[in-house]
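One-letter residues, chain by chain:
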Amino acid sequence: MKISTTVSSIPTSPTLAVTSKAKALKAQGKNVIGFGAGEPDFDTPEHIKQAAIRALENGFTKYTPVGGMVELKDAIVYRTSEDYGIEITPENVVVSCGAKHSLFNLLLTILSPGDEVICPSPYWVSYPPIIRIAGAVPVIIDTTENNMRLEAAQLKESITKRTRAIIINSPCNPTGTTYTRKELEKIAEVCLENDLMIISDDIYHKIVYSGSEFSSIATLSRELTERTFIIQGVSKTYAMTGWRIGYCIGNAEVISAMTRLQSQSTSNPTSFAQAASIEALKGPQDTVEDMRKTFEKRKAIMVSMLSDIPGFELIEPQGTFYCFPSVKAHLDRFKTTSGLADFLLEKALVAVVPGEGFGSPDHIRLSFALHDENIVDGLNRIKQALS
Ligand SMILES: Cc1ncc(COP(=O)(O)O)c(C=O)c1O
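Residues numbered from 1 in each chain as written. Predicted model: local features only at pLDDT ≥ 70, side-chain atom pairs only at ≥ 80, totals over all residues. Heavy atoms only, no water.

Engineer: How should the pattern of salt bridges be read in this particular structure?
Structural biologist: Working definition: two side chains of opposite charge can pair if their charged atoms are close together. Applying the stated criterion to the full structure yields 18 salt bridges. In this structure, the salt-bridge partner of Lys-156 is Glu-193, at a minimum N-O distance of 3.9 Å. Pair noted here: Lys-156 is in helix α7 (residues 152-158) and Glu-193 is in helix α8 (residues 181-193), with a separation of 37 residues, a long-range link. The exposure class of Lys-156 is partly exposed, given its relative accessible area of 49%. Assessed through its relative accessible area of 49%, Glu-193 is described here as partly exposed. Residues joined by salt bridges that share partners form a network here, namely Asp-41, Arg-298 and Asp-372. (Salt bridge = Lys/Arg side-chain N within 4 Å of Asp/Glu carboxyl O. Helix = DSSP H or I, 4+ residues; strand = E, 2+ residues; numbered from the N terminus. Buried < 20%, exposed > 50% of the residue type's maximum accessible area, 1.4 Å probe, protein only.)

If you want it as structure tokens, here you go:
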């Protein structure tokens, strides 16, 4: 059968590719340690699960409004005011089936063929494919030589007549880079001068470590709130990746067009997952901080052990649950990070994600969303295999 040109050009997510290889080995009874996970290993908090159970028991199993229930939009307005200190209305919110879906709807809604979107690299694997699906062109700015941080001057140089938007992901998957308010102010200035739309993917905003602080470009001024689209969701903050609830906050006209697009694809996100998300956003928040603290302890273990592996160089993450060391010193031997990842999976039974999919062919990504003892065991295996 003939596959469309658009879909033929979409790569398989490298994260999923590693996970499936690791799963195949596990199925053969091998003791594989997976550093590939892109999701918290904690269970969804009980009070959130109970809200979904109550919704099911009350027969809340039918269609809801396409862009999300009124009560969920109200909960998002409330949470946005709490977390960002900005006042929005339900007209600024559309709820979709996960933050990836929110981003997909947004990019399809605001981009036309030939438009350019700036993506600082390393970037989250899905940005360039979604931009291409929208017929637009990802313009990659490599920040590896700049401590993985985009500078305003670099941004300025990359802008052309066709540049429409920039994606800022802070804390960043895969690097953990978390921009300061001052850095964002400089980037924002260039965006304003060049009339760019800003996409602020803030999905890791609650997973930030001591010494750093989350800031969103959307909060810097009224003018910036108006040109920024915040991508958010419950997946990472509340350990709810499987529930598939994400949302976009932004200009009411664009939000309405996104809702129209969604009305012709998925319709509403799952009704009882929406009910659970209301509880997540409005209920007790202590589990969020408990998870963050656990991640911080694991990060300390991982950072210390990675710095002990010859040929690995790491910039300590300030947020997220990933480390993204450079393994350049090993690439004479393995040629690519995929080669290194294959070697580690075969010889050490350890799964890591190669950097190519993140636009960074010298790095690998290791998640610390796994128990301390597995982190220690896995990193010891890597060290041994490479020695
Ligand atoms: C940077 C970033 N944005 C968005 C998403 C999508 O999140 P969701 O699971 O809600 O679709 C992810 C998931 O890995 C991510 O890492």
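Engineer: Looking at this structure, how should I read unusual backbone geometry?
Structural biologist: Trans peptide bonds make up most of the peptide bonds, and negative phi angles are found at most residues other than glycine. For the bond from Ser-170 to Pro-171, the omega torsion is -5 degrees, close enough to zero to count as cis. Tracing the sequence through the fold places Pro-171 in the loop between β5 (163-169) and α8. Cis geometry is found at the peptide bond from Asn-173 to Pro-174, where omega equals 25 degrees. Tracing the backbone shows Pro-174 in the loop between β5 and α8. In this structure, Asn-147 is a non-glycine residue whose phi angle is positive, near 55 degrees. Position of Asn-147 relative to the elements: it lies in the loop between β4 (137-142) and α7. At Arg-244, a position not held by glycine, the phi torsion is positive, near 60 degrees. Structurally, Arg-244 can be placed in the loop between β7 (228-233) and β8 (246-249).

Engineer: Would you explain the side chain of Gln-274 in this entry?
Structural biologist: Here Gln-274 lies in helix α11 (residues 271-282). Among the polar contacts made by the side chain of Gln-274, one reaches the main-chain amide nitrogen of Met-69 at a distance of 2.7 Å. A distance of 2.8 Å separates the side chain of Gln-274 from the backbone oxygen of Pro-269, its partner in a polar contact. Discounting chain neighbours no more than four positions away, the residues touching Gln-274 are Thr-64, Gly-68, Met-69, Leu-72, Ile-245, Asn-268 and Pro-269. (Polar contact = N/O pair within 3.5 Å; in protein donor to acceptor, adjacent residues only side chain to side chain. Contact = heavy atoms within 4.5 Å.)

Engineer: I would appreciate a short explanation of empty space enclosed by the protein in the present structure.
Structural biologist: Over the atoms rolls a probe the size of a water molecule, and its path tells where empty space is left. Scanning the entire structure with this criterion turns up 3 cavities of 30 Å³ or more. Volume-wise, the largest cavity comes out at about 130 Å³. What lines the largest cavity is a set of 15 residues, and nearest its centre among them are Pro-120, Pro-122, Asn-169, Cys-172 and Tyr-179. Residue composition of the lining of the largest cavity, by class: 10 nonpolar, 5 polar and no charged. If you go around the second largest cavity, you meet 13 residues; those closest to its centre are Arg-79, Asp-83, His-205, Gln-232 and Tyr-247. Secondary structure elements with two or more residues in the lining of the second largest cavity: α4 (70-84), β7 and β8. It is α4 that contributes the most residues to the lining of the second largest cavity, 5 residues altogether. Looking at side-chain class alone, the lining of the second largest cavity contains 6 nonpolar, 5 polar and 2 charged residues. (1 Å grid on protein atoms, 1.4 Å probe; cavity = no way out; pocket = protein on both sides within 12 Å on 5 of 7 lines; lining within 4 Å. Points joined across faces, edges and corners; volume = space filled by probe spheres on them. Nonpolar A, V, L, I, M, F, W, Y, C, P; charged D, E, K, R; others polar.)

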